Amino acid sequence: ASSFARMFVQVCLYFYCKCLWRCLKFVVRKLTGQCELQRICYNTKPGAARTMKIEASLKGSKSKRLQTSVSVHPDAIEKTIDDIMELKRINPDVNPQLGVSLQACLLQIVGYRNLIAEVEKLRREPYDSENPQHEEMLLKLWKCLKPNSPLKARISKQWCEIGFQGDDPKTDFRGMGLLGLYNLVYFAEWDTEIALQVLSDSLHPKYSQLSKAEWEKKKFDKAIGYSFAIVGINITDLAYNLLVSGALKTHFYNVAPEAPTLTHFQQTFCYLMHEFHKFWIEEDPLDIMEFNRVREKFHKRILKQLQNPEMALCPHFAASESLINM
């Protein structure tokens, strides 16, 4: 009976707050002459803060047309903007900048949903050693990370040198499918200097770029290395979960002027690999069995950073100047 009473009170409070909120929005619109979408666009600077408010406003609307506007096809966004302006009785000739701002926000919102679908498709596609393209990518990974050491055979213990568990890397991709391979190849090919340094440090952490004095100060003489490729697949899983949970919206809405793409996701993976490596060295674990503890602590740190609406994980991938003027 008490649980039913609590539930009844919660339901009443929900509807009360919802009605109160709608009444408040109505009053504010009458006082300002602007709907909520206009107030957000005019009073919030471009980036995650604005886009997330627009997204919440559209999803929370009582209009089905507005609710579904966050999931339209990219080609339908211009028509959707026209529908929104008509529904809200906003004259586009008087408010030309509003349409531009809404379009930028919708491109980001719809793009984020599509990126999840693209990443999910790669994650679900298993590595196939009979597929020439898969094999080509795997061999490219070796060539990027071991340019001066030819691979003696496709099935070889040499794969352990770049952090795979056994003679055939295909078994290590089971958890993340092709997504893990795509990310590792991108890291090795486009951020080669950092990737090679991280690989070297993972094999010989005591001899990383830290000075001898720093090692002695932190007592890193017992430093533990890790398997580069396996950790790369694990960090891919971390990046995937950040994406699917919506945590990466803050970052992507701040760095992608329009729709975030797979390249944005892969750049974020590179950043997470580099940051995790530094974090691992700082944590100085006693053995590899502490990996999950260190990973979880790192995950919480990234989540905390992403709670800041101004956050961009990779500042050098910052949004273009065109976004600033929208």
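Residues numbered from 1 in each chain as written. Predicted model: local features only at pLDDT ≥ 70, side-chain atom pairs only at ≥ 80, totals over all residues. Heavy atoms only, no water.

Under an unreviewed UniProt entry, the name given to the protein is ELMD1 protein, and the source organism is Ramphastos sulfuratus.

K.L.:
Is there a simple way to explain the overall build of the protein in this structure?
P.N.:
Helix and strand counts for the protein stand at 15 helices and zero strands. Counting over 326 residues, the protein shows a buried share of 45%. Within the protein, counting contacts between residues at least 6 apart in sequence, those at least 24 apart form 66% of the total. Total accessible area computed for the protein in this model is approximately 17900 Å², and 56% of it derives from carbon and sulfur atoms. (Helix = DSSP H or I, 4+ residues; strand = E, 2+ residues; numbered from the N terminus. Buried < 20%, exposed > 50% of the residue type's maximum accessible area, 1.4 Å probe, protein only. Contact = heavy atoms within 4.5 Å. Areas by Shrake-Rupley, 256 points an atom, 1.4 Å probe, with all protein chains shown as cover.)

K.L.:
What am I meant to see in helix α13 (residues 262-283) here?
P.N.:
Think of an α-helix as 3.6 residues a turn; residues three or four steps apart then line up on the same face. Given a rise of 1.5 Å per residue, 22 residues ought to cover 32 Å, and the 31 Å separating the end C-alpha atoms of α13 matches this to within 8%. Most of α13 sits out of view: 17 of its 22 residues are buried. Positive backbone phi, at 50°, marks D284, one or two positions downstream of α13. (Expected span 1.5 Å × (residues − 1).)

K.L.:
So what exactly am I meant to see when it comes to the environment of K53 here?
P.N.:
Among the structural elements, K53 can be located in helix α3 (residues 48-59). The class of K53 is partly exposed, set by a relative accessible area of 44%. K53 sits 52 residues away from C105 along the chain, and the two C-alpha atoms are 9.7 Å apart. If near-sequence neighbours (up to four positions away) are discounted, K53 is found in contact with I40 and T44.

K.L.:
I keep staring at the state of the cysteines and nothing clicks. Help me out?
P.N.:
Linking two cysteines covalently via their sulfur atoms produces the bond known as a disulfide. By the definition in use, this model includes zero disulfides. C35 forms no disulfide, and the closest cysteine sulfur to it belongs to C41, at a distance of 8.4 Å. Using a relative accessible area of 5% as the deciding quantity, one classes C41 as buried. (Disulfide = S-S within 2.5 Å.)

K.L.:
How should I be thinking about the packing of aromatic side chains in this particular structure?
P.N.:
A ring pair, where both rings are aromatic, is described by two values, the distance of the centres and the angle of the planes. If you walk through the whole model with that rule in mind, you get 16 aromatic pairs. Ring centres 6.0 Å apart and planes at 45° place the aromatic pair W280 and F291 in the tilted group. Of this pair, W280 sits in helix α13 while F291 is found in helix α14 (residues 291-306), placing the two residues eleven residues apart along the sequence. Exposure remark for W280: the relative accessible area of 1% places this residue in the buried category. Through a chain of ring-to-ring contacts, the aromatic side chains of Y226, F276, F279, W280, F291 and F298 assemble into a single cluster. Sitting over the face of the ring of Y112, K249 holds its NZ or CZ atom 5.7 Å from the ring centroid. (Phe/Tyr/Trp six-rings, centres within 6.5 Å; stacked < 30°, edge-to-face > 60°. Lys NZ or Arg CZ within 6 Å of the ring centre and 35° of its normal.)

K.L.:
Help me understand the nonpolar core in this model?
P.N.:
Considering soluble globular proteins, one finds that nonpolar side chains tend to be buried as a cluster. By size, the foremost hydrophobic cluster in this structure holds 85 residues, and its most contacted members are I54, L141, L181, F265 and L272. Looking at which domains feed residues into this core, each of domain 1 (34-123) and domain 2 (127-307) supplies at least three. Setting aside chain neighbours within four positions, we find L272 in contact with I235, L238, A239, L242, F298 and I302. (Core = buried A, V, L, I, M, F, W, Y, C linked by side-chain atoms within 4.5 Å. Domains from an automatic or database assignment.)

K.L.:
What am I meant to see in the confidence of the model for the protein here?
P.N.:
Atomic detail in the predicted coordinates should be set aside for any region of low pLDDT. Looking at the protein, pLDDT values average 85 and 83% of them are 70 or higher. The low-confidence segment residues 317-326 (pLDDT under 50) makes 17 contacts with residues lying over four places distant or belonging to another chain. (pLDDT = per-residue confidence, 0-100.)

K.L.:
What should I look at first to understand unusual backbone geometry in this one?
P.N.:
Note: most peptide bonds trans; most residues except glycine with negative phi. Of note, the phi angle at R89 is positive, near 55°, even though the residue is not glycine. Along the polypeptide, R89 turns up in the loop between α5 (77-87) and α6 (96-124). In this structure R89 comes out as exposed when scored by relative accessible area, which is 71%.

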